[in-house]
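Per-entry structural report
One letter stands for each residue in the lines below.
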Amino acid sequence: MNQWMIHICGFLEKKLKQSISKSAYIDSKAEILGKVCVGENTNIGQSKIIAEDCCLINIAKHSAIRSQVLIRARHHIIQAKREITDIFIGSKVYISSEVMIEGPVIISDGTFIGGKSKIINSIVGTNCLIEDNVTLQNVYVPPNSVIYSKSFIDSKEKLDQVIQESKIESCCEFSCLGNK
């Protein structure tokens, strides 16, 4: 069972309300509403973290969420069936200012999310770099990916293209350094 399934089972079994680690720093102007779990040594600036009815938000340890971030998990009912819209943010994740995250979303460990980015209904793998002004919607970003600024990705084809371009540019930079 992976770590996210463990978190989900823990939430569902315990039916947690709000749980904030004593070692977490929460700005006095931050709004945290609903079933939100904040891990140890996590830093949350002046932001809004909202888990509406029956939704969960889990922010693991050693993560940082800057100011003016909106993280929202809200339930949707489509054809009389509840959609899962929970949000899980891993350990050592850095979320820059003015980011919007709307569930369901998983942001895995060691990932950086640049300013003014939007992540909607997506999964971001471990150790990813998502630069500023990126929109990710309905995609799975594989581990160790780099998504450049101002990318709008809402399909696998667009994601594959951006990842391929980032690999080509990285190869050019490394080969140029080796020729000096």
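So, here is what we can say about the structure in this document. Position numbers for residues count from 1 along each chain, tracking the sequence in the order it is written. Local features are withheld for residues below a pLDDT of 70 in this predicted model, meaning they are given only at 70 or higher, and side-chain atom pairs are given and counted only at 80 or more; totals for whole chains, interfaces and linings count all residues. Excluding hydrogens and water, the side-chain figures rest on all heavy atoms present in the structure.

1. Points about the packing of aromatic side chains
Given two aromatic rings, one states the distance between the centres and the angle between the planes to describe the pair. Two rings from Phe, Tyr or Trp (for Trp, the six-membered ring) form a pair when their centres are within 6.5 Å of each other. A pair whose planes differ by under 30 degrees is stacked, one over 60 is edge-to-face, and the rest are tilted. Under the counting rule described, the total for this entry stands at 1 aromatic pair. With centroids separated by 5.3 Å and ring planes inclined at 0°, the aromatic side chains of tyrosine 94 and phenylalanine 112 adopt a geometry described as stacked. Note that tyrosine 94 is positioned in strand E13 (residues 94-95) and phenylalanine 112 in strand E15 (residues 112-113), a separation of 18 residues in sequence. Here's how the labels work: a residue is buried when its accessible area is under 20% of the maximum for its type, exposed when over 50%, partly exposed in between, all with a 1.4 Å probe on protein chains only. Phenylalanine 112 gets classed as partly exposed once you look at its relative accessible area, which sits at 31%. Each helix corresponds to a stretch of at least 4 residues labelled H or I by DSSP, and each strand to a stretch of at least 2 residues labelled E; elements are numbered beginning at the N terminus.

2. Details of the pattern of salt bridges
A side-chain nitrogen of Lys or Arg and a carboxyl oxygen of Asp or Glu constitute a salt bridge if their distance falls within 4 Å. Counted by the stated rule, this structure contains 5 salt bridges. A salt bridge links aspartate 154 to lysine 158, with the nearest nitrogen and oxygen atoms 3.0 Å apart. Among the residues examined, aspartate 154 registers a relative accessible area of 33% and is labelled partly exposed. Members of the salt-bridge network, linked through shared partners, are Arg72, Arg74 and Glu102.

3. Section: the pairing of strand E7 (residues 56-59)
What you see with E7 is no split at all: Leu56 and Asn58 on one side and Ile57 and Ile59 on the other are buried throughout. Pairing geometry for strand E4 (residues 35-38) and E7, over 4 bridges, is parallel. Note on E7: the bridge partner recorded for cysteine 37 is asparagine 58. One requirement defines pairing of two strands: DSSP has to find at least two bridges between them.

4. A short note on the sheet that holds strand E17 (residues 129-130)
Spatial strand order, E2-E5-E8-E13-E15-E17-E20: 7 strands in an open sheet with parallel pairing. The open sheet has two edge strands with one neighbour each: strand E2 (25-26) and strand E20 (146-147). When strand E5 (residues 43-44) meets strand E8 (residues 64-65), the two strands line up parallel, connected through 2 bridges. Bridged to asparagine 43 within E8 is alanine 64.

5. Digging into unusual backbone geometry
Going from glycine 103 to proline 104, the amide bond is cis rather than trans, its omega being 5°. Along the chain, proline 104 turns up in strand E14 (residues 100-107). The phi angle at histidine 62 is positive, at roughly 60°, despite the residue not being glycine. Structurally, the position occupied by histidine 62 is in the loop between E7 and E8. You will see that asparagine 121, though not glycine, has its phi angle at about 50°, which is positive.

6. Description of the nonpolar core
Remark: nonpolar core denotes a set of buried residues (Ala, Val, Leu, Ile, Met, Phe, Trp, Tyr, Cys) joined through side-chain atoms within 4.5 Å. Of all hydrophobic cores here, the largest spans 37 residues; its most connected members are Ile49, Ile57, Ile71, Ile95, Ile101, Leu136 and Ile147. Counting only elements with at least two residues in this core, the list comes to E4, strand E6 (48-51), E7, strand E9 (70-73), strand E12 (87-89), E14, strand E16 (118-124) and helix H2 (156-178). Residue contacts are counted whenever heavy atoms from the two residues lie within 4.5 Å of one another. The contact partners of isoleucine 71, leaving out residues within four places of it in the chain, are Lys48, Ile49, Ile50, Ile57, Ile65, Ile87, Ile89 and Ile101.

7. Remarks on the side chain of threonine 135
Looking at where threonine 135 falls in the secondary structure, it is placed in strand E18 (residues 135-137). Those residues in contact with threonine 135, other than ones at most four positions away along the chain, are Lys118, Ser151, Phe152 and Ile153.

8. Some thoughts on a nonpolar patch on the surface
There is a patch of nonpolar side chains on the surface, built from Tyr94, Phe112 and Leu129 and spanning about 210 Å² of accessible area. Within the element layout of this structure, leucine 129 appears in strand E17. By definition, no residue in a patch forms a salt bridge, and every one has over 30% relative accessible area; like charges are joined within 9 Å, nonpolar side chains (Val, Leu, Ile, Met, Phe, Trp, Tyr) within 5 Å. Accessibility throughout is a Shrake-Rupley quantity obtained with a 1.4 Å probe, and a residue counts as covered only by protein chains that appear here.

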